[in-house]
Amino acid sequence: MKGRFIVLEGIDGCGKTTQINHLKTWLPQSGLMPPNANLHITREPGGTNLGKQLRELLLHPPKEESPKPITELLLYAADRSQHVSELILPYLNKGDWVISDRFSGSTICYQGYGRRLSLEIINQLEEIATQGVVPDITFLLDLPITISLQRRSHRNNDRIESEGIEFLTRVSQGFQVLSLQENWIRIPAEEKLDLVTQRIENELKKLRDKS
Ligand code: TYD
């Protein structure tokens, strides 16, 4: 793959969207990208047209038709499979850069640690869904769960966000474990926005210096 694949992960309310919006303008003029490479911003679930429909089914299902845990896992895997085939892989092969709001790590943490589904099965599904695509760098925007709950107290929470504190605690523990295992870059996300931004920019500059 000629391009670069950057992923942001973290619990709900950690500020991924704000940081990605900043990167969208900063990165193309940072001098870090090759002049002919384009930047694509995407997300999971919902990075493709098919994925948008899966996102609705996952996050706002019709009443009484909530997906069961295994169904939920398979729908996230289906979303990722389509996302990788239709968008991520073709762009990376072209030499473009892709930033994704969530990727495989979210499935491991939410469905694995949160729902307590088998990590072995999840890893097998991930192998199929990702076709071997691995991020060049993953940022964990690390936010204490109390702040996540505070930040989201005034907004309409979707099905996953409404799961409650025990589920969120397990997800958050999952992110701690996985970020260490996978050498993700951990950024404390309760800091001021500018500081979080600065840290992400610095890490991306280091990535260039390594290559
Ligand atoms: P996100 O788009 O970050 O939510 P929002 O934009 O509303 O802040 O993520 C949607 C939800 O999907 C989030 O609660 C995490 C969940 N999710 C999983 O449970 N498993 C997954 O594999 C992914 C990608 C997301």
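Here the structure is a predicted model, which means the values were calculated and not measured.

Conventions used here
- Residues numbered from 1 in each chain as written.
- Predicted model: local features only at pLDDT ≥ 70, side-chain atom pairs only at ≥ 80, totals over all residues.
- Heavy atoms only, no water.
- Helix = DSSP H or I, 4+ residues; strand = E, 2+ residues; numbered from the N terminus.
- Expected span 1.5 Å × (residues − 1).
- Buried < 20%, exposed > 50% of the residue type's maximum accessible area, 1.4 Å probe, protein only.
- Arc of directions from axis to C-beta.
- Contact = heavy atoms within 4.5 Å.
- Polar contact = N/O pair within 3.5 Å; in protein donor to acceptor, adjacent residues only side chain to side chain.
- Core = buried A, V, L, I, M, F, W, Y, C linked by side-chain atoms within 4.5 Å.
- Salt bridge = Lys/Arg side-chain N within 4 Å of Asp/Glu carboxyl O.
- Near = heavy atom within 4 Å.
- Areas by Shrake-Rupley, 256 points an atom, 1.4 Å probe, with all protein chains shown as cover.
- Nonpolar A, V, L, I, M, F, W, Y, C, P; charged D, E, K, R; others polar.
- Pairing = 2+ DSSP bridges.
- Axes fitted to C-alpha atoms, helices over the stretch in contact; angles between N-to-C directions.

Draft legend 1. Structural detail: helix α5 (residues 119-130). Spanning 12 residues, α5 covers 16 Å between terminal C-alpha atoms, matching the ideal 16 Å at 1.5 Å per step. Among the residues making up α5, those that are buried are I122, L125, E126, A129 and T130. All buried residues of α5 lie within an arc of 115 degrees about the axis, which places them on one face of the element. The exposed residues of α5 that point more than 90 degrees off its buried face are E120, E127 and I128. The inward-facing, buried residues of α5 contact α3 (69-94) and α4 (104-114). For α5, the N-terminal cap is S118; the gap from its side-chain oxygen to the backbone nitrogen of E120 is 3.2 Å. The first or second residue beyond α5 is Q131, which carries a positive phi of 50 degrees.

Draft legend 2. Region of interest: the nonpolar core. I6, L8, L27, I200 and L204 are the most contacted members of the largest nonpolar core, which has 46 residues in total. Top element by residues in this core is helix α7 (residues 165-181). It accounts for 5 residues. With residues near it in sequence (within four places) discarded, L27 still touches I6, L32, M33, L39, W97, I99 and L204. Counting residues in each nonpolar core, the second largest holds 10 residues, with F5, L87, L92 and F103 among its members.

Draft legend 3. Inspection of the pattern of salt bridges at higher detail. In total, this model carries 13 salt bridges according to the counting rule given. Across the pair E161 and R155 runs a salt bridge whose closest N-O atoms are separated by 2.7 Å. On the basis of relative accessible area, E161 is assigned to the buried category, the value being 12%. When salt bridges that share partners are traced, they join E72, R115, R159 and E163 into one network.

Draft legend 4. Highlighting the site of the ligand. Surrounding the ligand, one finds 17 residues, the nearest of these being D12, K16, R102, T107 and Q111. At 2.8 Å, a side-chain N or O of Q111 approaches a nitrogen atom of the ligand. When the ligand sits alone it has 560 Å² of accessible area, and the protein chains cover 91% of it. Partitioning the shell around the ligand into residue classes produces 5 nonpolar, 3 polar and 9 charged.

Draft legend 5. Representation of the sheet that holds strand β1 (residues 4-9) within the structure. Reading across the sheet, the 5 strands line up as β2-β3-β1-β4-β5 and stay open at both edges, with parallel pairing between neighbours. Two strands lie at the open edges of the sheet, namely β2 (39-43) and β5 (185-188), each paired on one side alone. Strand-to-strand twist in this sheet, taken as the mean axis angle between neighbours without regard to direction, amounts to 20 degrees. Alignment of β1 against strand β3 (residues 97-101), held across 5 bridges, turns out to be parallel. Looking at the pairing, I6 lines up with I99 of β3.

Draft legend 6. Representation of the pairing of strand β4 (residues 137-142). When you tally the buried positions in β4, you get 6 out of 6 residues, the bulk of the element. On β4, burial covers both faces: I137, F139 and L141 on one face and T138, L140 and D142 on the other are all buried. Two strands pair when backbone bridges link them, and β1 and β4 are joined in this way by 4 bridges, in the parallel orientation. Bridge pairing in β4 places I6 opposite I137. Where β4 lies against β5, 4 bridges are found, and the strand directions are parallel. Counterpart to L140 in the pairing with β5 is R186.

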